[in-house]
Amino acid sequence: MFSNSRRLLAAGAATASLTLLVSAGCASSQKSEPGADGSGGTLAIALEKAPGSLDPADMEQSTSAFAQPAYDALIKIDGEGNLVPGLATEWGFTDDENKVFELTVRDGVTFSDGTALDAEAVVANLEHLDDGRSNVVSLVNGGDYEAIDDDTVRISWDSPHPLAAQAFTQTWVAGMMISPEALAGDAEQLTTSTAGAGPYVLDAAQTVAGSRYVYTARDDYWDPANQHFDQITITVMENAEQRLNALRTGEVDYAAGDLGTAAAATDAGMQVLHAPTVVYGLSLLDREGTLDSPLQDLAVRQAINYAIDRQGISDALLGEYGSPAQQTVVSSEPGYVDALADAYPYDPEKARELLAEAGYADGFTLPVVASTSSTAATLSQVFAEQLAEVGITVELDSRPSADYFEGMTGGTFPAAVIGYGSQPVPMEYDGLFGPEAIFNPLGSSDDEINSTMEKAMAAPEEEATVLYQQVISRLVDQAWFAPAVYAPVFYYASEDLAPLSVSEARPQTPLNEIRPAN
């Protein structure tokens, strides 16, 4: 996994908030009513961003909702965060180093083109994923793939891949299976068509790429009890107010929301779904003094942490939708440390004392790259004001998404304002704080963190959790980051849909689980 670290988050997290988990559905202007039994009709969804491709192997995780209607995954995550059977009925490592993983494929499943699902089909998909451009391919690629028999697939890697099972869920795109017949033909057609084992198939005649996607129900789907609509439409609406208005008028049933529209959605009687999964704060990048900034001094990094009023920021800006953060992972992730919940209490006087001890009694100027997205921009100003109180003058360089990504990863800024979607610790090591992580552009490295991660990658789950906690504790102790708040991703649902729920473990309800209210 480590060898492909730079691909994991390079595109999906390069949004204004670097959030991997912001994916939702879209909209339609022609809805039909469900039948008397609650089935049938059209589920109309509104999403903010179109996919570059409908091929799961070339799809960024942030747009995976566009694949969900057509592509079932090998493994599912239920509402409580448990892994449950999907197209695979059994799975697990067969060695004691997390290098050999086997899957048992479900019988009686066919793809939308009539091809049967079997072990060889899974192998073909894994080989296709190896050639893909998705930002999550490094979670499972680079192995040897073997069909042991008609129903059993064995994957062998040279290095540990402890998150293989999670990677094969509907949260990521690696486990979404494509017909081997389609892969053997003109695979380029999968950019604008579908050939999955899911409950729907893309209706190309009604679809306008980049704007509106229409999926129609299959008559031969293997699990008809979980096929709740005749049609799903996903329409791209970039503006959050436009998506909310479409919900108000009944044009759509389900949409991506944001902090700025959450109160209005609540007032309109919508289901407002939110889970605190995005960690906003400062990444103190110049930990080893590559840019000769004061951040090479641990006392300075700790002073910055003491200078941030996390509770005040959370109360004022997020209210009921957020909470203070001291760690880069949320409490549901293995590796979260309860004892660190108040590691750096707000204490400006202590911050000044630490700065004086480090030789900066008169303060200093700190260049910081930041995003112009609404939440990040607001937080950037707050960080600047609070650090000014202890003598640190923040020199903000605020940029739109693409320019921000370039600045944040370019190795020219000692610090950056980030909004990072909490992930399992191995993923964060690959993308956020490991020596080759793309969001660690100055290559900060810590022997204790690296050696502990190496042990954790090959360890059983319970032992790995303890090791992950040691890594998070080390990050907090060394003040590599100054996390401030856990902020949510938002989704809105109309009263025409059955009650939905989200959690830190699963912040978005899979589209195929959405049902009519009756």
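Definitions and limits used
Residues numbered from 1 in each chain as written. Predicted model: local features only at pLDDT ≥ 70, side-chain atom pairs only at ≥ 80, totals over all residues. Heavy atoms only, no water. Helix = DSSP H or I, 4+ residues; strand = E, 2+ residues; numbered from the N terminus. Rg over C-alpha atoms; globule rule 2.2 N^0.38 Å. Buried < 20%, exposed > 50% of the residue type's maximum accessible area, 1.4 Å probe, protein only. Contact = heavy atoms within 4.5 Å. Areas by Shrake-Rupley, 256 points an atom, 1.4 Å probe, with all protein chains shown as cover. Lys, Arg positive; Asp, Glu negative; His and termini not counted. Charge placed at Lys NZ, Arg CZ, Asp CG, Glu CD. Polar contact = N/O pair within 3.5 Å; in protein donor to acceptor, adjacent residues only side chain to side chain. Salt bridge = Lys/Arg side-chain N within 4 Å of Asp/Glu carboxyl O. Arc of directions from axis to C-beta. Phe/Tyr/Trp six-rings, centres within 6.5 Å; stacked < 30°, edge-to-face > 60°. Pairing = 2+ DSSP bridges. Axes fitted to C-alpha atoms, helices over the stretch in contact; angles between N-to-C directions. pLDDT = per-residue confidence, 0-100. Parallel < 35°, antiparallel > 145°, perpendicular 65-115°, else oblique. Left-handed = near helix turned anticlockwise from the far one by under 90°. Nonpolar A, V, L, I, M, F, W, Y, C, P; charged D, E, K, R; others polar.

Visitor: Hey, could you go over the overall build of the protein for me, with residue numbers and the actual values?
Guide: From N to C terminus, the protein includes 14 helices and 17 strands. The C-alpha atoms of the protein give 23 Å as radius of gyration, which agrees with the globular expectation for 518 residues (24 Å, within 12%). Along the three orthogonal principal directions, the C-alpha set of the protein runs to about 70 × 55 × 35 Å. Relative to its 518 residues, the protein shows a buried fraction of 58%. Pairs at least 24 apart in sequence give 71% of the contacts found in the protein among residues at least 6 apart. About 19200 Å² of surface is accessible on the protein, with carbon and sulfur atoms providing 44% of the total. In the protein, which carries 23 positive and 77 negative side-chain charges, the distance between the mean positions of the two groups comes to 3 Å.

Visitor: Summarise the environment of Ala-167; cite the residues concerned and give the values.
Guide: Here Ala-167 shows up in helix α3 (residues 164-167). When its relative accessible area of 0% is taken as the criterion, Ala-167 is described as buried. Between the alpha carbons of Ala-167 and Val-136 there is a distance of 8.1 Å; along the sequence they are 31 residues apart. The residues touching Ala-167, leaving out its near neighbours within four places in the chain, are Leu-139, Val-140, Trp-172, Ala-174 and Gly-175.

Visitor: A description of the side chain of Ser-179 should follow, citing residues and the corresponding values.
Guide: Tracing the chain through its elements places Ser-179 in the loop between α3 and α4 (180-184). At 3.5 Å, the side chain of Ser-179 forms a polar contact with the side chain of Thr-115. Within the structure, Ser-179 has its side chain in polar contact with the backbone nitrogen of Glu-181 (distance 3.2 Å). Ignoring sequence-local partners within four residues, the contact set of Ser-179 consists of Phe-111, Asp-113, Thr-115 and Ala-195.

Visitor: A description of the pattern of salt bridges should follow, citing residues and the corresponding values.
Guide: On inspection of all chains with the given rule, the structure shows nine salt bridges. The closest approach of N and O atoms between Arg-133 and Asp-58, which form a salt bridge, is 3.4 Å. In this pair, Arg-133 sits in the loop between α2 (119-130) and β6 (144-147) while Asp-58 sits in the loop between β1 (42-47) and β2 (75-77), placing the two residues 75 residues apart along the sequence. The exposure class of Arg-133 is exposed, given its relative accessible area of 54%. Note that Arg-399 is salt-bridged to Asp-397, the shortest N-O span being 3.2 Å. A cluster of three or more residues bridged by salt bridges with shared partners is formed by Asp-446, Glu-448 and Arg-474.

Visitor: I'd like a description of the environment of Met-270, backed by residues and values.
Guide: Counting through the fold element by element, Met-270 comes out in the loop between α6 (259-267) and β12 (271-284). The spatial distance from the C-alpha of Met-270 to the C-alpha of Arg-248 is 8.5 Å, given a sequence separation of 22 residues. Not counting the four nearest positions on each side in its chain, Met-270 is found in contact with Leu-247, Arg-248, Ala-265, Ala-493 and Ser-494.

Visitor: Talk me through helix α11 (residues 401-409); I want residue IDs and the actual numbers.
Guide: The complete set of buried residues in α11 reads Tyr-404, Phe-405, Gly-407 and Met-408. The buried residues of α11 occupy an angular sector of 170° when projected down its axis, which confines them to one face. Of the exposed residues in α11, those oriented more than 90 degrees away from the buried face are Ala-402 and Glu-406. Against β12, β14 (364-371), β15 (392-399) and β16 (415-421) lie the buried residues of α11. Just downstream of α11 lies Gly-411, where phi reads positive at about 80°.

Visitor: Now, about the packing of aromatic side chains: what can you tell me, with residues and values included?
Guide: On inspection of all chains with the given rule, the structure shows 11 aromatic pairs. Ring centres of Phe-66 and Tyr-213 lie 5.0 Å apart, and the angle between their planes is 70°; this geometry places the pair in the edge-to-face category. A residue pair is termed long-range when its members are at least 10 positions apart, and Phe-66 in the loop between β1 and β2 and Tyr-213 in strand β9 (residues 212-217) qualify at 147 residues. Phe-66 sits in the buried class, given a relative accessible area of 1%.

Visitor: How would you sum up the sheet that holds strand β7 (residues 152-156)? Please name residues and give values.
Guide: With antiparallel pairing, the four strands of this open sheet are ordered in space as β4-β5-β7-β6. Each of the sheet's edge strands pairs with one partner strand only, and the pair in question is β4 (88-93) and β6. The sheet shows a mean angle of 15° between the axes of neighbouring strands, taken without regard to direction. Bridge analysis of strand β5 (residues 100-105) against β7 gives five bridges, and the strand direction is antiparallel. Residue pairing across strands places Phe-101 opposite Ile-155, the latter belonging to β7. Against the sheet, α2 makes contact with β5, β6 and β7, and its axis sits at roughly 165° relative to β6, the strand it touches most.

Visitor: An account of the confidence of the model for the protein is needed here, citing residue identities and associated values.
Guide: Here the protein averages 91 in pLDDT, and 92% of its residues register 70 or above. Here residues 1-32 is modelled with pLDDT under 50, and outside its nearest four sequence neighbours on either side it reaches 147 contacts, counting other chains as well. Contacts for the low-pLDDT stretch residues 34-38, under 50 throughout, to residues beyond four places or in other chains number 10 contacts.

Visitor: Residues and numbers for the packing of helix α7 (residues 298-307) against helix α9 (residues 348-357), please.
Guide: Relative orientation and spacing of two packed helices are given, respectively, by the angle between their axes and the distance between those axes. Here α7 crosses α9 at 165°, and the two axes come no closer than 8 Å. Comparing the axis directions of α7 and α9 gives the class roughly antiparallel. α7 and α9 meet at a crossing whose hand is left-handed. Touching Ala-299, Val-300, Gln-302, Ala-303, Tyr-306 and Ala-307 of α7 are Pro-348, Lys-350, Ala-351, Leu-354 and Leu-355, all from α9. Grouping the amino acids of the contact of α7 with α9 by side-chain chemistry returns nine nonpolar, one polar and one charged.

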